[in-house]
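# Secondary and tertiary structure notes
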Amino acid sequence: MKKLVLAAVLGVTMLSCKKEPTFEYKYTDQPQVLTCENIDSKLFNEAYYAFENAILTQAKNNNKRPNFNITLDYALRNYIMRAKGHIRITDYATKEAYDVFHILKNKDIWNGSQLKSDAAITECIGNNISNTTIKGSFNTLRSVESLNPKLVASTITDDRTIRGQYTDKALMTYVALDMYYSKFYNTDFSKVEFLVEKEPAVQPKAKTTQPEIGKKLNLEVNKTNTEKHGPNDGHNH
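Residues numbered from 1 in each chain as written. Predicted model: local features only at pLDDT ≥ 70, side-chain atom pairs only at ≥ 80, totals over all residues. Heavy atoms only, no water.

Time to look at the overall build of the protein. A count of helical and extended segments in the protein gives nine helices and two strands. Walking the protein from its N terminus toward its C terminus, one meets helices and strands in the order α-α-α-α-β-β-α-α-α-α-α. When the 237 residues of the protein are sorted by exposure, 35% land in the buried category. Across the protein, the fraction of contacts at a sequence separation of at least 24, relative to all contacts at a separation of at least 6, is 69%. Accessible surface, the protein: about 16200 Å² in total, of which carbon and sulfur atoms supply 51%. (Helix = DSSP H or I, 4+ residues; strand = E, 2+ residues; numbered from the N terminus. Buried < 20%, exposed > 50% of the residue type's maximum accessible area, 1.4 Å probe, protein only. Contact = heavy atoms within 4.5 Å. Areas by Shrake-Rupley, 256 points an atom, 1.4 Å probe, with all protein chains shown as cover.)

Structure (structure tokens):
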């Protein structure tokens, strides 16, 4: 009987000590995006920068204008506009983001595939959004448990008077969690070729033409004209 009790205790202990899947943190040297109590700041930092890297990579890979500089603001704005409609998330999925997702989904922050309004991370984001207009809209939606990614996306993109929303790391962390990683739910990654940065296409060098000094004479034409008219044509003697 004692052996059975001991085995049961050991079994419970082993289950409670079961380690989460681990991965290599790659962005520990980056500025902290959120520093609230009761959240895993290191993990959410990793999640944000993995998202940032993914959308930048996708934007650069699909840039058809060699002289156009892809900025982070451009990539974020472009992604959010697309995320308001139908988007194929596998086009934006890197292996590192996929690995981060598998840690995030064990943190009880989503209800199905939607970020929980009452999760500690959601409250943290709501308290740290810098723009007062967006902050008010976000927290109103959160208070009535009606956070909707499309509504928040419209708040971010539609008001032309708002500035600096794409540099707001708290707000963009919400975008990462509720408009990017949430879409990994119910997505089959078994045959996905993860996004990697492509080598930029080498543009052919334009031929440089050296300006001719002087102008070459067409000797054959001159010779023909001379034979036809004579060397003294047009001169009075």
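Time to look at the environment of Leu195. Position of Leu195 among the secondary structure elements: in the loop between helix H8 (169-179) and helix H9 (219-229). The spatial distance from the C-alpha of Leu195 to the C-alpha of Gln58 is 7.3 Å, given a sequence separation of 137 residues. If sequence neighbours within four positions are ignored, Leu195 has contacts with Ala54, Thr57, Gln58, Asn61, Asp91, Tyr92, Ala93 and Thr94.

Looking at where Lys135 falls in the secondary structure, it is placed in helix H6 (residues 132-143). Lys135 sits 36 residues away from Leu171 along the chain, and the two C-alpha atoms are 8.7 Å apart. With residues near it in sequence (within four places) discarded, Lys135 still touches Gly126, Asn127 and Ile129.

Per the stated rule, a full pass over the model turns up seven salt bridges. Between Lys26 and Glu96 there is a salt bridge; the shortest N-O distance is 3.6 Å. Note that Lys26 is positioned in the loop between helix H1 (2-16) and helix H2 (41-61) and Glu96 in helix H4 (residues 95-104), a separation of 70 residues in sequence. Of the residues examined, Lys26 reaches a relative accessible area of 48% and is grouped as partly exposed. In this structure, Glu52 engages Lys169 in a salt bridge whose closest nitrogen and oxygen atoms are separated by 3.3 Å. Highlighted residues: Glu52 in helix H2 and Lys169 in helix H8, separated in sequence by 117 residues. The exposure class assigned to Lys169 is partly exposed, which follows from its relative accessible area of 26%. (Salt bridge = Lys/Arg side-chain N within 4 Å of Asp/Glu carboxyl O.)

What follows deals with helix H7 (residues 149-157). Residues Val152, Ala153, Ile156 and Thr157 constitute the buried set of H7. Angular distribution of buried residues about the axis of H7 spans 125 degrees; they occupy a single face of the element. (Arc of directions from axis to C-beta.)

This paragraph deals with the side chain of Asp168. By the secondary structure assignment, Asp168 is in the loop between H7 and H8. This buried residue, Asp168, is left without a salt bridge; Lys135 holds the nearest opposite charge, at 8.8 Å. Once residues lying within four places of it in the same chain are set aside, the contact partners of Asp168 are Asn128, Ile129, Ser130 and Asn131. (Lys, Arg positive; Asp, Glu negative; His and termini not counted.)

Following both chains from N to C, one finds H6 and H7 inclined at 170 degrees, their axes separated by 10 Å at the closest point. As summarised for this structure, H6 and H7 are arranged roughly antiparallel, according to the angle between their axes. Mapping the contact onto sequence places Ile134, Ser137, Phe138 and Leu141 in H6 and Leu151, Val152, Thr155 and Ile156 in H7. Across the contact of H6 with H7, the residue classes tally to six nonpolar, two polar and no charged. (Axes fitted to C-alpha atoms, helices over the stretch in contact; angles between N-to-C directions. Parallel < 35°, antiparallel > 145°, perpendicular 65-115°, else oblique. Nonpolar A, V, L, I, M, F, W, Y, C, P; charged D, E, K, R; others polar.)

In this section: the nonpolar core. The biggest cluster of nonpolar side chains holds 60 residues, and the ones touching the most others in it are Phe51, Tyr79, Leu104, Ile121, Tyr180 and Tyr181. Of all elements in the fold, only H2, helix H3 (72-83), H4, helix H5 (120-128), H6, H7 and H8 reach the threshold of two or more residues within this core. With eleven residues, H2 is the single largest residue contributor to this core. (Core = buried A, V, L, I, M, F, W, Y, C linked by side-chain atoms within 4.5 Å.)

The next subject is H3. Spanning twelve residues, H3 covers 16 Å between terminal C-alpha atoms, matching the ideal 16 Å at 1.5 Å per step. Among the residues making up H3, those that are buried are Ala75, Leu76, Tyr79, Ile80 and Ala83. On an axial view of H3, the arc spanned by its buried residues comes to 125 degrees, and they lie on one face. (Expected span 1.5 Å × (residues − 1).)

Turning our attention to the layout of surface pockets. Estimates place the volume of the second largest pocket at around 250 Å³. What lines the second largest pocket is a set of 15 residues, among which Gln58, Asn62, Asn78, Arg82 and Tyr92 lie closest to the centre. For the lining of the second largest pocket, the secondary structure elements donating two or more residues are H2 and H3. Per element, the largest residue contribution to the lining of the second largest pocket is three residues, and it comes from H3. Partitioned by chemical class, the residues of the lining of the second largest pocket number six nonpolar, five polar and four charged. (1 Å grid on protein atoms, 1.4 Å probe; cavity = no way out; pocket = protein on both sides within 12 Å on 5 of 7 lines; lining within 4 Å. Points joined across faces, edges and corners; volume = space filled by probe spheres on them.)

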